[in-house]
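Okay, here's what each chain looks like letter by letter:
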Amino acid sequence: MKKSVVLIIGAFFLALQMYSQNNIIAQNTIKIENGESKESIINKAAHVVPTENQLEALRNEFIAFIHFGPNTFTRMEWGNGMEDPSIFDLETLDTDQWCRVMKDAGMKMVILTVKHHDGFVLWQSRYTDHGVMSTGFQDGKGDILKNLSESCKKYGLKLGVYLSPADLYQIEQPDGLYGNLSEYTKRTIPRKVKGRPFKNKTKFEFIVDDYNEYFLNQLFEILTEYGEIHEVWFDGAHPKTKGGQTYNYSAWRELIRTLAPKAVVFGREDLRWCGNEAGGTRDTEWNVVTYQDNPDTADDFQDMTLADLGSRDMLYRANYLHYQPAETNTSIREGWFYRDDTNQKVRSADDVFDIYERSVGGNSIFLLNIPPNREGKFSPLDIEVLEDVGDRIRETYDVNIFEVAEGSKEVLDGDPDTYLLLDNGNREIVITLPVQKTINRLMLQEAIATHSERVEKHAVDAWVDKEWKEISMATNIGYKRILRFPEVTTDKIRIRVLESRQDPAISHVSAHYYNTRPPQLTSSRDKDGYVTIEPLQTEFNWKRTGENAADNLNTGYEMFFTLDGSEPTQNSMKYDAPFKVECNTLKAVSYNNDDRGAVHSEEYGVIKKDWKLIDVSSQVNNRAALNAFDSASRSYWQSAESDENHFIALDLGDENNLKAFTYTPQKSHSGGLMSRGEIQISNDGKSWKTAEKFEFGNLINDPTPRTYYFLHPVSTQYIRVLVTGIAGNEKYVTISELDFYH
């Protein structure tokens, strides 16, 4: 009898365990227990869902970043906190123009850097005078955040704020609050300021130090006096720290959740960084990611930069599973802040649209920075690109070719709340058109609000010549997957789910046609000076289906170029073979009939054929100094580690009158990037004198080529680059390529 009772009790608990595993309540964060089976972990992953705010953030899809401040006027990427506020010499401001352009581009929200690392604020804060209130803009009464808030309401855009935890002004000032070693005591937020009462009477009490109190007071101002805030953006970058300063994020979180209940927090538990600032995307971007500590109560959040964040292998190692979308952030210009319209390049519409499809169509949010110029407006070049991108989005995705198709109503009705649950016996969706149509895009979405992201691998077939032909294959879907493939004309499409976590729920399927443009071009020059022009192969290509995008999409085009800096047309020189170029500005463009592509521009300097290495401080195996001038972008020189300044000395083969040089950082890793140095010249290649000093910023996050224009022309045959500063205080230097210009 006792044995039977034990068996019955055991069976009961086994049944209870199976029931609990198969009836997991969908949550934003789910804990993994010690010794839990792989099957149970995958079942839990299939029930991790976004919060309502996260879902709205994903539905924003394409949003804007605005970097604006003293750096706009100093032309620096990072300030030092010691700038005189009068440097911000703004006379005009047109936030209506910003919002109008962003709306036309298809963006739904804008995030303003109300305080960057320099500590300068763009609103009328009660708690500092280091900001717009101490400038001549509107006699010190200007408020850029207020202007933007009003323009957002006018144009129907959501508003977010970037408030840098780092604050160089509060570090550098003698009475600064950052890292001043003040005691943690009970403080009331907001702190009263005579003559500046708040309409919002909410009060908080936190045990914090001086800087956290300052930060909380500023958050209170921003979140209560400028309308509804939908995102609060916390940057993880810190140019400098002091006094072991820490951040009381639990207090920040409570204040934000109370005052801005619809806001997501970037850099913390709501949204994460994609891992780069170049617009790069993962082939598989899982939003169900892993944590070792509970993200709902954590104070510290590390950047997630691994290529794999949510595969089964990663899930098995987790203590917590958490839903956390990524923002794919990059800038429309070289750098986060506006510098000029001559030397600072602007991304092409091809490039921005490609990032849009890879990010929004790759289960993430596209955050594009558009830095206003010193007139307080977007520059014409930026506007032209954004208008083009907006047109492409509307022309492609406002037209659903499946609008008249037949198939499962749940995936065709445009309602995100309906879905088709694919059980074990039904892993296919077939959609039929009344007549044949030509398509080259397919959009898929899962019902993530209720069923998480479950598809791990899927394929798409088209009915061609009375048989199924596979046209695309990819991994996950999640919030949205945009599949891009060569044009196919068909009246029937089949979607096959090949691998999944539990039964996936598909909420949307639509087909689209992108009107292929003449390809974006790129150019390269070999050591002998011969330039090759060719279509730019984007990161996201169609090789998964065994076909090449350039062959399938970029057909029937011709390429034309100029070497005098003028805009190329169909009357310019036609490209058909490599040609020699020295110290000229190449501009090239492709045409497909009368359709004109984006202009590619590249300045080419002195040919490197006769260059010789005179001397070098050191070099490591396989990273020889010769790599610094071999005209090969993937090779680079790397020195050995040393406390002494590194250098490389060159013989240019003949005397040259030089006006500038370009340093191209290597991109294999973030180490050894040259941030500061001297250009030295010599009459004999032995005795050197300094001709110029240069400095480059933000290299680790943005390792793009940097050009320094000499204050005075330099005439020399022998030249030496002396490295006096390295990003991240590394002890070795790396250089992919050096170029010098007449």
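Residues numbered from 1 in each chain as written. Predicted model: local features only at pLDDT ≥ 70, side-chain atom pairs only at ≥ 80, totals over all residues. Heavy atoms only, no water.

Novice: Help me understand the packing of aromatic side chains, please; the structure alone is not making it clear to me.
Specialist: Pairs of aromatic rings are described using the distance from one ring centre to the other and the angle between the two planes. One pass over the full model with this rule turns up 44 aromatic pairs. Each ring, one from tryptophan 463 and one from tryptophan 468, has its centre 5.2 Å from the other, and the planes form 75 degrees; the classification is edge-to-face. Take tryptophan 463: its relative accessible area is 26%, and that puts it in the partly exposed class. Look at tyrosine 575 and phenylalanine 579: their rings are 6.0 Å apart centre to centre, the planes differ by 65 degrees, and that puts the pair in the edge-to-face class. Assigned by exposure class, tyrosine 575 and phenylalanine 579 land together as buried. (Phe/Tyr/Trp six-rings, centres within 6.5 Å; stacked < 30°, edge-to-face > 60°. Buried < 20%, exposed > 50% of the residue type's maximum accessible area, 1.4 Å probe, protein only.)

Novice: Is there a simple way to explain the side chain of arginine 484 in this structure?
Specialist: Inspection of the secondary structure assignment puts arginine 484 in strand 18 (residues 481-500). There is a polar contact of 2.8 Å between the side chain of arginine 484 and the side chain of aspartate 354. For arginine 484, the side chain forms a polar contact with the side chain of glutamate 357, separated by 2.8 Å. (Helix = DSSP H or I, 4+ residues; strand = E, 2+ residues; numbered from the N terminus. Polar contact = N/O pair within 3.5 Å; in protein donor to acceptor, adjacent residues only side chain to side chain.)

Novice: Would you mind going over the layout of surface pockets with me for this structure?
Specialist: Space left empty within the atom packing is revealed by a probe, the size of a water molecule, rolled over the atoms. Size it by volume and the second largest pocket reaches roughly 410 Å³. Broken down by secondary-structure element, the contributors of at least two residues to the lining of the second largest pocket are helix 3 (52-60), helix 5 (95-105), helix 12 (380-397) and strand 19 (505-512). A per-element tally of the lining of the second largest pocket places helix 12 first, with 4 residues. Residues of the lining of the second largest pocket, tallied by class, amount to 7 nonpolar, 8 polar and 7 charged. (1 Å grid on protein atoms, 1.4 Å probe; cavity = no way out; pocket = protein on both sides within 12 Å on 5 of 7 lines; lining within 4 Å. Points joined across faces, edges and corners; volume = space filled by probe spheres on them. Nonpolar A, V, L, I, M, F, W, Y, C, P; charged D, E, K, R; others polar.)

Novice: Please clarify how the environment of arginine 253 should be interpreted in this entry.
Specialist: Tracing the backbone through its elements, the reader meets arginine 253 in helix 9 (residues 249-259). Along the backbone, arginine 253 and threonine 297 are 44 residues apart, and their C-alpha atoms lie at a distance of 9.6 Å. Excluding its chain neighbours within four sequence positions, the residues that come into contact with arginine 253 are Glu269, Pro295, Asp296, Thr297 and Ala298. (Contact = heavy atoms within 4.5 Å.)

Novice: Whenever I open this one, the nonpolar core confuses me. Can you help?
Specialist: Soluble globular proteins tend to bury their nonpolar side chains together. Ranked by size, the top nonpolar core spans 90 residues in total, and within it Trp98, Met102, Ile144, Leu219, Leu223 and Leu255 carry the most contacts. Setting aside its immediate chain neighbours within four residues, methionine 102 contacts Ala64, Ile66, Met107, Val110, Leu157, Ile370 and Phe378. (Core = buried A, V, L, I, M, F, W, Y, C linked by side-chain atoms within 4.5 Å.)

Novice: Can you help me understand helix 12 in this one?
Specialist: Since the α-helix packs 3.6 residues into each turn, any two residues three or four apart lie on the same face. Helix length check: helix 12 (18 residues) gives 26 Å between terminal C-alpha atoms against 26 Å at 1.5 Å per residue, within 8%. If you check which residues of helix 12 are buried, you get Asp382, Ile383, Val385, Leu386, Val389, Gly390, Arg392, Ile393, Thr396 and Tyr397. (Expected span 1.5 Å × (residues − 1).)

Novice: Help me understand the confidence of the model for the chain in this model?
Specialist: The predicted coordinates ought not to be read in detail in places where the model reports low pLDDT. On average, residues of the chain carry a pLDDT of 91, and 94% of them reach 70 or more. Here residues 1-21 is a poorly scored stretch, pLDDT under 50, and it has 2 contacts once near neighbours within four places are set aside; other chains count. Scored below 50 in pLDDT, residues 538-553 shows 35 contacts in the model against residues more than four places distant or in partner chains. (pLDDT = per-residue confidence, 0-100.)

Novice: Would you mind going over the side chain of aspartate 382 with me for this structure?
Specialist: Mapped onto the fold, aspartate 382 is located in helix 12. When near neighbours in sequence (up to four residues on either side) are disregarded, aspartate 382 contacts Ile332, Arg333, Val346, Ile370 and Pro371.

Novice: Mind showing me how you'd approach the packing of helix 5 against helix 12 here?
Specialist: A pair of packed helices is captured by two measures, namely the crossing angle of their axes and the spacing between those axes. One way to put it is that helix 5 packs onto helix 12 with a least axis distance of 7 Å and a crossing angle of 35 degrees. Residue-level contacts link Gln97, Val101, Asp104 and Ala105 of helix 5 to Ile383, Leu386, Gly390, Ile393 and Arg394 of helix 12. Grouping the constituent residues of the contact of helix 5 with helix 12 by class yields 5 nonpolar, 2 polar and 2 charged. (Axes fitted to C-alpha atoms, helices over the stretch in contact; angles between N-to-C directions.)

Novice: Before we go on, may I ask you to explain the sheet that holds strand 20 (residues 521-525) in this structure?
Specialist: Each strand in a sheet pairs with its neighbour through backbone hydrogen bonds, running either in the same direction (parallel) or in the opposite one (antiparallel). In spatial order, the strands read 20-21-24; together these 3 strands make up an open sheet with antiparallel pairing. With one partner strand each, in any of the chains shown, strand 20 and strand 24 (579-580) form the two edges of the open sheet. As judged from the 2 bridges shared by strand 21 (residues 530-535) and strand 24, these two strands associate in the antiparallel manner. Bridge pairing in strand 24 places valine 531 opposite phenylalanine 579. (Pairing = 2+ DSSP bridges.)

Novice: Even after reading the chapter, I still don't get the pairing of strand 15 (residues 428-446), so can you show me in this structure?
Specialist: On a regular strand, one side chain projects to one face of the sheet and the next to the other, so that they alternate. Sheet analysis places strand 15 next to strand 18, joined by 12 bridges and oriented antiparallel. Looking at the pairing, methionine 443 lines up with isoleucine 482 of strand 18. For strand 15 and strand 19, the ladder comprises 6 bridges, and the chain directions are antiparallel. Looking at the pairing, glutamine 445 lines up with histidine 508 of strand 19.

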